[in-house]
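Here's the letter readout for the chains.
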Number of protein chains: 2
Amino acid sequence: MKFVVIGGDAAGMSAASRAKRNWPDLEITVLEKTMDVSYSACGMPYNIADPERPIDDLVVRPADVFRKKQGIKVLTGHLGEKIDRQKQNVHVISRDGSSFEIAYDKLLIATGAHPILPDLPGFDLPGIMALKSLEDGRKIKQYIKDNDVKKVVILGMGYIALEMCEALRALNIEVAMVKPRATFIPWLHPEMADMVKNEVESNSVKLYPGHKILHAEQSKGRLKIVCDDLALTADMVLAGVGISPNSKIAADAGLELGLSQSISVDKMLKTSDENVYAAGDCADAYHVVTGKKTWIPLALRANRSGWAAADNICGKQVRLEGVAGTAVFKVFNLEVARTGLSPKEAAEAGFDPAFVTIKSRSRAHAHPGSKTIQVQMVGDKKSGRLLGAFMVGEEGAAHRINAAAVALHNHMTVEAFSTTDLSYAPPFGPVWDPLLTAANQLIKEI
Amino acid sequence: MKFVVIGGDAAGMSAASRAKRNWPDLEITVLEKTMDVSYSACGMPYNIADPERPIDDLVVRPADVFRKKQGIKVLTGHLGEKIDRQKQNVHVISRDGSSFEIAYDKLLIATGAHPILPDLPGFDLPGIMALKSLEDGRKIKQYIKDNDVKKVVILGMGYIALEMCEALRALNIEVAMVKPRATFIPWLHPEMADMVKNEVESNSVKLYPGHKILHAEQSKGRLKIVCDDLALTADMVLAGVGISPNSKIAADAGLELGLSQSISVDKMLKTSDENVYAAGDCADAYHVVTGKKTWIPLALRANRSGWAAADNICGKQVRLEGVAGTAVFKVFNLEVARTGLSPKEAAEAGFDPAFVTIKSRSRAHAHPGSKTIQVQMVGDKKSGRLLGAFMVGEEGAAHRINAAAVALHNHMTVEAFSTTDLSYAPPFGPVWDPLLTAANQLIKEI
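What you see is a predicted model; the values in this text were computed from it and never measured.

About the cut-offs
Residues numbered from 1 in each chain as written. Chains lettered and ligands numbered in written order. Predicted model: local features only at pLDDT ≥ 70, side-chain atom pairs only at ≥ 80, totals over all residues. Heavy atoms only, no water. Pairing = 2+ DSSP bridges. Helix = DSSP H or I, 4+ residues; strand = E, 2+ residues; numbered from the N terminus. Axes fitted to C-alpha atoms, helices over the stretch in contact; angles between N-to-C directions. Contact = heavy atoms within 4.5 Å. Buried area = accessible area lost by both parts, 1.4 Å probe. Salt bridge = Lys/Arg side-chain N within 4 Å of Asp/Glu carboxyl O. Polar contact = N/O pair within 3.5 Å; in protein donor to acceptor, adjacent residues only side chain to side chain. Nonpolar A, V, L, I, M, F, W, Y, C, P; charged D, E, K, R; others polar. Domains from an automatic or database assignment. Buried < 20%, exposed > 50% of the residue type's maximum accessible area, 1.4 Å probe, protein only. Expected span 1.5 Å × (residues − 1). Lys, Arg positive; Asp, Glu negative; His and termini not counted. Least-squares fit on C-alpha atoms with pLDDT ≥ 70 in both.

**Overview of the sheet that holds strand S22 (residues 334–340) of chain A**
Residues and elements named next belong to chain A. If you trace the 5 strands from one edge of the open sheet to the other, you get S21-S22-S25-S24-S23, paired in antiparallel fashion. The sheet terminates laterally at strand S21 (327–331) and strand S23 (353–361), the two strands that pair on one side only. Strand-to-strand twist of the sheet, defined as the mean angle between neighbouring strand axes without regard to direction, takes the value 10°. In terms of strand pairing, S22 meets strand S25 (residues 386–393) through 6 bridges, oriented antiparallel. Residue pairing across strands places Gly340 opposite Gly388, the latter belonging to S25. The strands touched by helix H10 (residues 401–409) within the sheet are S22 and S25, with S25 carrying the most contacts at an inclination of about 170°.

Set out below in structure tokens:
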């Protein structure tokens, strides 16, 4: 059997490796348009922060290891450009200009996503960059070095934008962040978003939310981002306004698309064509809280859905119930974590949400070094179900959130969650974990 | 209605406060034999480690606050000595020598537990101490100061013994630990127990497991612990060989006892007498994994069961499904965490256990500062259920364990747990959380 994978990062290489382990005789070809496979994309901000570390530190397994040790045909520099579902083949364009067709019995689309660049005048100027692939990271790192970058304007204030802002400050580069929307982190409770905002600003970052971006221009050898009521000058501009699934190849082949133009897949990662699967940032998923489709492109889902697609292609029958939308990021000294739905998202999904926000401590009463942890917890008034949890704190948010995530997978009520036996020792938290304190309070509201 | 509480620490004061909030007219009397109520017992090792901090820092709420702000009659220095279930009263002995009877409609026994002192010659010598109450902590702290303690022998190697060992080393006191059993931490996989052992020994602590203790004696102004093949000299001896429930008052009153002589309670915290409840370290609990009774005296359960008993006494009908045995402790630079059953405990409970131990990292591939995390995960071959998880690492064990704990409350299979959406960002872990890696491996074994 011939298994072809389009895209050689998290989902694609996870699938190829897994399929080969499942079925050593399988003929597997991976088409990767860049020269890199299997790297830690999420590690790029931290790598960029350290000029001493080569970007290739982030490569988890080089293409040659997949080729020689696993017998997977990895074609880097090869773009899977068009799928012919009737003939069951993929039209491939190589970097050397040649092109050919490759036949498949089963196909996995793992094309990932691309960063959105504002569709505005001037955004094709040199020095305006975005971060998604390792090639992007390599270019940014080189650009900073070659151009002695002293100031960067970041468009957007999402988690990648914030991680990059921290990385640039570590390099002592001046940073300003600008975006059209007035709210700093819209999915976070205002008080908790303020905690993050203060942390960012106290690291000498200038934040300009609520400014409509009009165009970019060159001005005296520098770049200028012109807004309706503001102009920001910089040596480099980083677009961090979001990403969009690389689903054109699927749409062109007549495959069904879902939310945000992601490729629609069932719980077995199958598209609307039974011989074609999709996994990773290009594909959608079910949300375990709403039971409905969602598109939350994150690394764990990419790896896991790659595995599951491979298992199903090999006849193993693996179903993924879905994602809880669990995510965490670090920004300077803060951990920001979420799982499930915000009150607004919950209302939109048809729940009758109630929520509380509480302040707790990261360590026990009287234990030295304790920090504030803020928690928002969301529940459903009708069913009593836990719907979401959000945490911000200097320590103890990143892993704590997982207890709530597991509760969401199990459709626990807030009351049942409030009686779970969580760990306690003075260096690690109060007797009542901040999540339990939030749950105890939320019970009263629902 | 008259509500009497015997014992004024975690469970007792939680119950008294909660009952008063539920029912402001309730007449509540708390009998506490020591002079302290509502303190963080678990914080004592960390307080003892710092000579500058008064031990009373650990008091969460002084008795007068309960008296004046909440209208709870708190009788410190009053021992609840005997229960007359027919007459519904408690015989009370005061520190001033007087005694009286106090009548109850509903009674809560929250007498806690006491540390076990070896029943061997010489263990009543001055300088041989144990740590449980704040009075114990006060005495130990004073003894160290007054006697210029340079060397301590700790009997036992459980978590309190290890926390105290760290505290004493912080005071630059020489520490030797001795116990009869040859295995260092019997419930931990040998490889993980070795990781802890190495950490303790690398902090210049001498460990002597497998030595039968024969007697204690005084020798040239110092203390000597004499074992069958070893004698250890010290300025102070700390017994950390375990605790035993303070259940004599319940047994004398004819109430049913359970495991380890703990007071047997149902899921509503009721004893075998419908007017008498028990909560905290003196009472047993159901285990959410086995569904059977267990006795795991820990702080969260004490607080929570105090609340639940109060709610039930006030007619609220609260059921606690039970404990998962989740626990964590810090010893020097290591976090040691557990939830659920070890393979041995699982086999004893009638499961057919399989387990894996894996090594993972506390941060992402190529992220600086990453440390080793070891995980043991236990599952049931028959049902596929997750039964337990154990973690040791320099960072990231304490809160991670809670995800597995919540899974245990929900009787998740290992396979279902392996598909949960846990958080990921490079500073906080690998894409596949160590718990997920363990689950992925364990699936193959069951």
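**Considerations on the interface of chain A and chain B**
Taken together, the 59 residues of chain A in the interface contact 58 residues of chain B. Interface area lost by chain A to chain B is led by His399, Asp421 and Phe428 of chain A, which between them contribute 16%. Counting across the interface, chain A meets chain B through 0 salt bridges. Applying the counting rule to chain A against chain B returns 28 residue pairs in polar contact (both at pLDDT 80 or more). If you tally residues by element for the side of chain A that touches chain B, the top one is H10 of chain A, at 7 residues. Here the residues of the side of chain A that touches chain B are counted per class, giving 33 nonpolar, 18 polar and 8 charged.

**Quick notes on the domain arrangement of chain A**
Residue and element names in this part refer to chain A. Looking at chain A, the domain boundaries give domain 1 (2–41 + 57–114 + 243–313), domain 2 (117–239) and domain 3 (327–445). Summarising the inter-unit geometry, the C-alpha centres of domain 1 and domain 2 are found 31 Å apart. Counting residues at the interface gives 13 residues for domain 1, matched by 6 residues for domain 2. Put simply, domain 1 and domain 2 have 3 salt bridges between them. The shortest N-O distance in the salt bridge between Asp36 and Arg138 comes to 3.0 Å. Linking domain 1 with domain 2 are 4 residue pairs in polar contact (both at pLDDT 80 or more). Looking at the side of domain 1 that touches domain 2, its residues break down into 9 nonpolar, 1 polar and 3 charged.

**Brief notes about the pairing of strand S14 (residues 222–227) of chain B**
Note on strand geometry: in a regular strand, side chains alternate between the two faces of the sheet. Residue and element names in this part refer to chain B. The pairing of strand S13 (residues 213–219) with S14 spans 6 bridges and is antiparallel. Following the sheet pairing, Glu217 is matched in S14 by Lys224. Taken together, the 4 bridges between S14 and strand S15 (residues 231–234) define a ladder with antiparallel strand orientation. Each residue of the ladder has a partner; that of Leu223, found in S15, is Ala234. Count of turn residues in the S14/S15 antiparallel hairpin: 3 residues.

**With respect to the pattern of salt bridges**
Residues and elements named next belong to chain A. Per the counting criterion, the structure on display carries 48 salt bridges over all chains. Between Arg18 and Asp311 there is a salt bridge, with the nearest N and O atoms lying 2.9 Å from each other. Separated by 293 residues along the polypeptide, Arg18 in helix H1 (residues 10–22) and Asp311 in helix H8 (residues 299–313) bring together distant segments of the chain. Looking at Arg18, the relative accessible area reads 17%, which means it is buried.

**What about helix H5 (residues 159–170) of chain A?**
Residues and elements named next belong to chain A. For H5, which comprises 12 residues, the first-to-last C-alpha distance of 17 Å matches the rise-based estimate of 16 Å (1.5 Å per residue) to within 8%. Along H5, the residues that are buried comprise Ala161, Leu162, Glu163, Met164, Cys165, Glu166, Ala167 and Leu168. Just downstream of H5, Asn172 is the residue with a positive phi angle, here 65°.

**Comments concerning the side chain of Glu163 of chain A**
With respect to the helices, strands and loops of the structure, Glu163 of chain A is situated in helix H5. This buried residue, Glu163 of chain A, is left without a salt bridge; Lys330 of chain A holds the nearest opposite charge, at 9.1 Å.

**A look at the relation of the copies chain A and chain B**
Least-squares fitting of chain A to chain B yields an RMSD of 0.0 Å, with the transformation described by 0.0 Å of translation along the axis and a rotation of 180°. Given the turn and translation reported, the copies of this chain are related as if by a two-fold rotation axis. By C-alpha distance to the rotation axis, the residue of chain A lying nearest is Ala403 of chain A, at 2.0 Å. Most of the interface of chain A is mirrored in chain B, where 98% of its interface residues again form contacts.

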